[in-house]
Amino acid sequence: MAKYSKKAGSKVERAMHEMKHGALKSGRSGKKVTSRRQAIAIGLSEAREEGAKVPKKAASKEAAPKKTASKKTASKKAAPKKAAVKKAAPRKAAARKKTARKTAAKKTVAKKRTSKK
């Protein structure tokens, strides 16, 4: 039994033809499609919308469930992250102190200027 219907094949053929002539545009952005894969995907998508026989989309690698690590490896990986967070905290505090000093200095300069007038 065929995976794709004739309608799906004709849609892909039409999309490829448009792509070769520079007439095929991307959906949201409206940019010209130059990739063969993208043209095929557009053709299959249009065929799906019209109810043609097309297999389901393949699951993306990001959406696939990840293997869970054992407790030993998870605890080893978690320890360095905590240490990195602790190191970053004093730097942020020092930066806040510097900006606080600058603003305090600006306020004192502004007070002196206003008191002279």
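Structural data are supplied above this passage.
Residues numbered from 1 in each chain as written. Predicted model: local features only at pLDDT ≥ 70, side-chain atom pairs only at ≥ 80, totals over all residues. Heavy atoms only, no water.

**Some words on the overall build of the chain**
When helices and strands are tallied, the chain shows 3 helices and 0 strands. In sequence order, the secondary structure elements of the chain are arranged as α-α-α. Looking at the 117 residues of the chain, the share that counts as buried comes to 13%. Taking as baseline every contact in the chain between residues at least 6 positions apart, the subset at least 24 positions apart corresponds to 51%. Total accessible area on the chain is roughly 10,800 Å²; 57% of this is exposed by carbon and sulfur atoms. (Helix = DSSP H or I, 4+ residues; strand = E, 2+ residues; numbered from the N terminus. Buried < 20%, exposed > 50% of the residue type's maximum accessible area, 1.4 Å probe, protein only. Contact = heavy atoms within 4.5 Å. Areas by Shrake-Rupley, 256 points an atom, 1.4 Å probe, with all protein chains shown as cover.)

**Observations regarding the nonpolar core**
Note that soluble globular proteins tend to have their nonpolar side chains buried in a common cluster. Among the nonpolar cores identified, the biggest contains 13 residues, and Met19, Leu24 and Val54 are the most heavily contacted of them. The set of elements that each furnish at least two residues to this core consists of α1 (6-20) and α2 (36-49). For this core, the leading source of residues is α1, giving 5 residues. Apart from the residues within four sequence positions on either side, Met19 is in contact with Leu24, Val33, Thr34, Ser35, Arg36 and Ala39. (Core = buried A, V, L, I, M, F, W, Y, C linked by side-chain atoms within 4.5 Å.)

**Points about the side chain of Lys11**
Within the secondary structure layout, Lys11 lies in helix α1. Non-local contacts of Lys11, meaning those with residues more than four positions away in its chain, are made with Gly43, Glu46, Ala47 and Glu50.

**Points about α1**
Relative to the 21 Å expected for 15 residues at 1.5 Å per residue, α1 spans 21 Å between its end C-alpha atoms, a close match to the ideal helical length. On the buried face of α1, the contacting elements are α2. Positioned one or two residues after α1, Gly22 has a phi angle of 80°, which is positive. (Expected span 1.5 Å × (residues − 1).)

So far we have only geometry, and geometry alone does not tell us how the molecule works.
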